[in-house]
Amino acid sequence: MYVKGLAAFAAAVGVGLLSGAAIAQEVKQEKQSVLGNANVSPVTQEQLNAADKNAKDFLLTNGNYAQTRFYPGKQIGRDNVKNLHVAWIFQTDVKESLETSPIVVDGVMYVTTSFSHVYALDAKTGQQLWHYAHKMGPITVYCCGPNNRGVQVLGDRVYLATLDSKLLALNAKTGEVVWTTNIADPELGYSETMAPTVVKDKVLIGTNGGEYGIRGFVRAYDAKTGKQLWNFNTIPENSVGVWATKDATGRDMHRNIQAEKDMLGKIGDPYAKLGGGVWQNPSVDLATNRIYFVVGNPSPDLDGSNRPGDNLYTNSLVSLDLDTGKYVCHFQYIAHDVWDLDAVSPTVLVDVKDKGGKSIPGVIHAGKTGHIYVHDRKDCSLIRFSEAMVPQENMWVLPTKEGARMLPGANGGVEWSPIATDPGQELAYAINLHQPMTYHVESSAYPNGKLWLGGAFKVIPSEKQSGNITAVNYNTGKIKWQVNTPEPMIGGILATAGGLVFTGEGNGKFAAYNSSNGKELWSFRAGAGVNAPPSSYMVGGKQYVVVGAGGNTQLDYKRGNNIIAFTLD
Amino acid sequence: MFGKLMIGGAALLLFAAEVRAETIEDKVQVCTGCHGENGKPVDKTIPTIWGQQAGYLYIQLRDFKRGDRKSEIMQPIATQFERDDMLAIAEYFSQKPWPDLGQPHAPKDVAAKAVAASASVGCPACHLDRFQGDGTVPRLAGMGRDYLAKTIADFRTRARGNNPGMSDLMLATSPDDLAALVEYLAGL
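This one's a predicted model, so the numbers in the text were calculated from it and none came from an experiment.

A. Structural detail: the overall build of chain A. Looking only at helices and strands, chain A has 4 helices and 36 strands in total. Over its C-alpha atoms, taken along the principal directions, chain A stretches across nearly 75 × 50 × 45 Å. The buried share of chain A, taken over its 569 residues, is 66%. Sequence separation of 24 or more characterises 62% of the internal contacts of chain A that already satisfy a separation of 6 or more. With the model as given, the accessible surface of chain A reaches about 18400 Å², and the carbon-plus-sulfur share is 53%. Averaging the locations of the 51 positively and 52 negatively charged side chains of chain A gives two centres separated by 3 Å.

B. A look at the interface of chain B and chain A. With 32 residues of chain B at the interface, the matching set in chain A holds 33 residues. There are 4 salt bridges connecting chain B and chain A. With a shortest N-O distance of 2.5 Å, Lys450(A) and Asp63(B) are connected by a salt bridge. Applying the counting criterion to the chain B and chain A interface returns 15 residue pairs in polar contact (both at pLDDT 80 or more). Elements that contribute at least two residues to the side of chain B that touches chain A include exactly helix H4 (54-66), helix H6 (83-94), helix H7 (108-121), helix H8 (124-127) and helix H10 (164-171) of chain B. If you tally residues by element for the side of chain B that touches chain A, the top one is H4(B), at 8 residues.

C. A look at the sheet that holds strand E16 (residues 290-295) of chain A. Residues and elements named next belong to chain A. What the 4 strands build is an open sheet, ordered E15-E16-E17-E18; its pairing is antiparallel. Where the open sheet ends on each side, the last strands, each with one partner, are strand E15 (283-285) and strand E18 (327-332). Strand-to-strand twist across the sheet, computed as the mean angle between neighbouring axes with direction ignored, equals 20°. Across 3 bridges, E15 lies against E16 in antiparallel orientation. Note that in E16 the partner of Asp285 across the bridge is Arg290.

D. Quick look at unusual backbone geometry. With omega at -15°, the peptide bond leading from Ser299(A) into Pro300(A) counts as cis. Tracing the backbone shows Pro300(A) in the loop between E16 and strand E17 (316-321). Positive phi is not limited to glycine here, since Trp243(A) has a value of about 55°. Structurally, the position occupied by Trp243(A) is in the loop between strand E14 (228-233) and helix H4 (257-267). A positive phi angle is found at Phe131(B), which is not glycine, with a value near 55°. Position of Phe131(B) among the secondary structure elements: in the loop between H8 and helix H9 (145-157). The exposure class assigned to Phe131(B) is buried, which follows from its relative accessible area of 6%.

E. The packing of aromatic side chains, seen in detail. Residues and elements named next belong to chain A. Applying the stated criterion to the full structure yields 21 aromatic pairs over all chains. Seen from their ring centres, Phe90 and Tyr119 are 5.1 Å apart, and the 65° between their planes marks the pair as edge-to-face. With Phe90 in strand E2 (residues 85-91) and Tyr119 in strand E5 (residues 118-122), the pair connects residues that are 29 residues apart, well separated along the chain. We note that Phe90, like Tyr119, is buried. Taken together, a centroid distance of 4.9 Å and an interplanar angle of 75° make the contact between Phe524 and Phe566 edge-to-face.

F. Region of interest: the state of the cysteines. On inspection of all chains with the given rule, the structure shows 2 disulfides over all chains. Here Cys143(A) is linked by a disulfide to Cys144(A), with a sulfur-sulfur distance of 2.1 Å. Of the residues examined, Cys144(A) reaches a relative accessible area of 17% and is grouped as buried. One disulfide bridge connects Cys329(A) with Cys380(A), the sulfur atoms lying 2.1 Å from each other. Torsion about the S-S bond of the Cys329(A) and Cys380(A) cystine: about 65°, corresponding to right-handed handedness. Remark: Cys380(A) occurs in the loop between strand E21 (372-376) and strand E22 (382-385) and Cys329(A) occurs in strand E18; sequence separation between them is 51 residues. Cysteine pairing for chain A (bonded cysteines numbered in sequence order): 1-2, 3-4. Left unpaired, Cys123(B) is separated from the closest cysteine sulfur, that of Cys126(B), by 8.7 Å.

G. Spatial organisation of the confidence of the model for chain B. Residue and element names in this part refer to chain B. Looking at chain B as a whole, the pLDDT averages 91, with 88% of positions reaching at least 70. A low-confidence stretch, residues 1-14 (pLDDT under 50), is modelled with 15 contacts involving residues beyond four sequence positions or located in other chains. Under the prediction, the complex receives an ipTM of 0.89, its pTM being 0.92.

Cut-off values and rules
Residues numbered from 1 in each chain as written. Chains lettered and ligands numbered in written order. Predicted model: local features only at pLDDT ≥ 70, side-chain atom pairs only at ≥ 80, totals over all residues. Heavy atoms only, no water. Helix = DSSP H or I, 4+ residues; strand = E, 2+ residues; numbered from the N terminus. Buried < 20%, exposed > 50% of the residue type's maximum accessible area, 1.4 Å probe, protein only. Contact = heavy atoms within 4.5 Å. Areas by Shrake-Rupley, 256 points an atom, 1.4 Å probe, with all protein chains shown as cover. Lys, Arg positive; Asp, Glu negative; His and termini not counted. Charge placed at Lys NZ, Arg CZ, Asp CG, Glu CD. Salt bridge = Lys/Arg side-chain N within 4 Å of Asp/Glu carboxyl O. Polar contact = N/O pair within 3.5 Å; in protein donor to acceptor, adjacent residues only side chain to side chain. Pairing = 2+ DSSP bridges. Axes fitted to C-alpha atoms, helices over the stretch in contact; angles between N-to-C directions. Phe/Tyr/Trp six-rings, centres within 6.5 Å; stacked < 30°, edge-to-face > 60°. Disulfide = S-S within 2.5 Å. pLDDT = per-residue confidence, 0-100.

Put into structure tokens, the structure is as follows:
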């Protein structure tokens, strides 16, 4: 009752227009109320710009605009991490796959669940402050689970993209909807699972739908109004490219270029239904005003017969101008992909050594192929790629009707899981899958927004699967250390100035490792798959580590509904 | 038996008149003849639509109308509806309880085979935990055995051509494994 009254009050007054008297009244009410209100001060652009140096908050999905997932606090370190214990556990109302990156602002945590719910929690106690339960439209068409990877806050608004392809601004204090914008038509295969990136009053968002013959995009919306500012099609009208026969690592992809050229002559450029989803946040280079992101697979996934050409910019790193959305550069890892070994894990901006050993602004991406790719930020060109983090066999055998065996399997390598980096050690930390698979091809025409796979990839039941955590020196490409895990890994990883990395497994294990040598220093059993990226923050002078334990739809890891925060005594 | 009778041409004409009626109850009256008064289909090859996902029901009606999914029975019925009718009908049936058809659990060895086949293709990645479905992906748990067998066979031959992705997945799965899956899903 009371909560309702307060919400109505906030709506009537309008958040941006609170008079002095109104603010006072609201504060008074908040003090009486423990439920229904998050007492946060507005997040400024300056705060977001400096997120990499802020150990109190965790303001962006991957820690900061460079997306290093390197947390600068070090109260929890190698010596005392063994004393880490549960501070609180919050149970959400949704027991499905959790892929959320918790955001922490001023002692308030924002987490999301499957089906696009948002919760504001007291970051110290885990107490619920508000809950936004999205009223999902009846038509949702998505891949790999009803996931949501999180929100971002700018000013006094929380930005959320939903499974039914809407973009919302919520009131950060109350969870009320400020504005809603339709991004694209779910009936044609568009959906949203990623967290938006908000920068300079722009909300940046990509789209899913590469399994449904969409035409992918990255867009900027006005953070104040929800109006679209620019649109970049991830598939240009000329998607043919240079007829590349080798992948980024120089291996032959066995393309039949003549057959493709004949097909091109017959059907023309296939750009309109060519897929190219974007699953994860772009990184933002504040100095040059550019963004960097990777584009996913072409549609249909495994059948290249009806999509002649390199299928630009699928399976590519792409850079755009932040203000205009205009193309700056790209680099394609796999032209004309027929294995769904696409680019999903978010890009990271760090300084890297170029071929001559000079330190330059770089951008790195961990591929489903199992390589970490290191690029020059200026022109997207490839400087080096790392040793393979997972077994590779029979690359690039073409899919057949009966199924052709190739490693890695179609989930990677590194899936959507964000990597972490520790620039001080020149290390990137990635979690990997090892799933031997057969690749099968089938041909069919564009099915009006329906599932368009062009075949199937199948796990080989008799072969052992596993996972690993790998630390790679991005200046040499060499693997520094590797920890093997019993199951393929999906979720994410966090590195801290305390000399630690934190990551979880599908079997419920959540652990801390020495970031220099991979030695396990602490672990916890969550009872459900820990398949979400961890975050860290400080409140009341104490450091916390928080992670979602909700399992995973794609790999069918045990579901749960727990947000678990850990701290020291 | 009733279901068979209704399939006659005269009955179809009757539907045409009936679907123009006002209320949702009037609109769905015709459906009970085959899909069941209490949600239990009158014939084993007719799917359960009570408690099915609304998005999925809508998409099927849409596809029948467009001719993307072929059915001599359902196409003429769906043709009568506009998008809003379809959405309302889908919503109506999705709110009904899923009926228990009383189908037995699959024997242990069959279930094990089904679970392995399911893990290989990753059926739960789309049909979700315990095959409950969501949005435009259907619930499969407890669906009529004969209907499951029929529609899977139709996917394989592309006689059911409204979802080539599902056809591809069915083609990549052996008939043996699919038979086990049918037993298993029906008994969930």
